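# Examination of the molecular architecture
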Amino acid sequence: MDVLDKYKKAWNNQPNDSEKVSKVDIYKMMKSKSSSIVKWILIISILEFLIPHVVFLFVDYDEYNKIYSDLGLGELAFYGFIITYIISAFFIYKFYCSYKNISTTLDTKSLMDKILKTRKTVKTYFIVNLSLFSIYTTIFSIVSLYDKLKPASSYKVFIFIISLIIVLSVSILLFWLFYQLLYGFLLRKLYGNYKDLAKLDEISQ
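Read on for a plain summary of the structure.

Definitions and cut-offs
- Residues numbered from 1 in each chain as written.
- Predicted model: local features only at pLDDT ≥ 70, side-chain atom pairs only at ≥ 80, totals over all residues.
- Heavy atoms only, no water.
- Helix = DSSP H or I, 4+ residues; strand = E, 2+ residues; numbered from the N terminus.
- Buried < 20%, exposed > 50% of the residue type's maximum accessible area, 1.4 Å probe, protein only.
- Polar contact = N/O pair within 3.5 Å; in protein donor to acceptor, adjacent residues only side chain to side chain.
- Contact = heavy atoms within 4.5 Å.
- Phe/Tyr/Trp six-rings, centres within 6.5 Å; stacked < 30°, edge-to-face > 60°.

## Let's talk about the side chain of Ser34
Structurally, Ser34 can be placed in helix α2 (residues 16–56). Overall, Ser34 belongs to the buried group, its relative accessible area being 0%. A polar contact of 2.9 Å, which involves the side chain of Ser34, links it to the backbone oxygen of Met30. With sequence-adjacent residues up to four places away left out, Ser34 is seen in contact with Ile102, Ile115, Leu190 and Asn193.

Right under this line is the structure:
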């Protein structure tokens, strides 16, 4: 028997005024938990944006940039970084708005709606980042090995293509697991709050 089932049983034996107070208290608890989860999503997204910049403090940026220039990918890398920054900033702003909206929500149905919208935003963020990672990794891998494949036999080209597919698949899988570790747990807790709120709303009717 979960918390809401216990409350439902107790409410049946309480005066109306006490019942109303209990419902308000449980709503406030769910609202606080949801707000805290979204705040952590916001914090993680900000850290995810900042950590690569901290890493660059310990890396020779000119040498790093030369790798792309030598491959003829200097402009692509430059515009790719700009696109990544814009996308990251956009989603950080969306997560901040979600946090503020949930924190100021005044009724159960609105809170449930905002929880669903937040989950959708996080999933979209994940899909966009996974897509960008796949595109960048594929282009870099093909271009970096293109010259080496020119004199190669068709058999070696075939082996390269198979190897590339395997490496990209493993890389994408690791990237997916990384995001599941970062955001998956929080999304499951957030959806758990949504289901509890749905029960609360059903009980209140």
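## A closer look at the environment of Phe91
Here Phe91 shows up in helix α4 (residues 74–103). In the structure, Phe91 is positioned 34 residues away from Tyr125 in sequence and 6.8 Å away in space, judged by C-alpha atoms.

## Overview of the packing of aromatic side chains
Scanning the entire structure with this criterion turns up 14 aromatic pairs. Between Phe91 and Tyr125, the ring centres sit 5.1 Å apart and the planes meet at 55°, which makes this aromatic pair tilted. One end of the pair, Phe91, is in helix α4; the other, Tyr125, is in helix α5 (residues 108–149), and 34 residues separate them in sequence. Comparing Phe91 with Tyr125, the two get one shared label, buried. Taken together, a centroid distance of 5.6 Å and an interplanar angle of 15° make the contact between Tyr191 and Tyr194 stacked. Placement of both Tyr191 and Tyr194 in helix α6 (residues 154–204) is noted, with a separation of three residues, approximately one turn of the helix. Grouped by ring-pair contacts, the aromatic residues Phe90, Phe91, Phe95, Tyr125, Phe126, Phe133, Phe175, Phe178, Tyr179 and Tyr183 constitute a single cluster.

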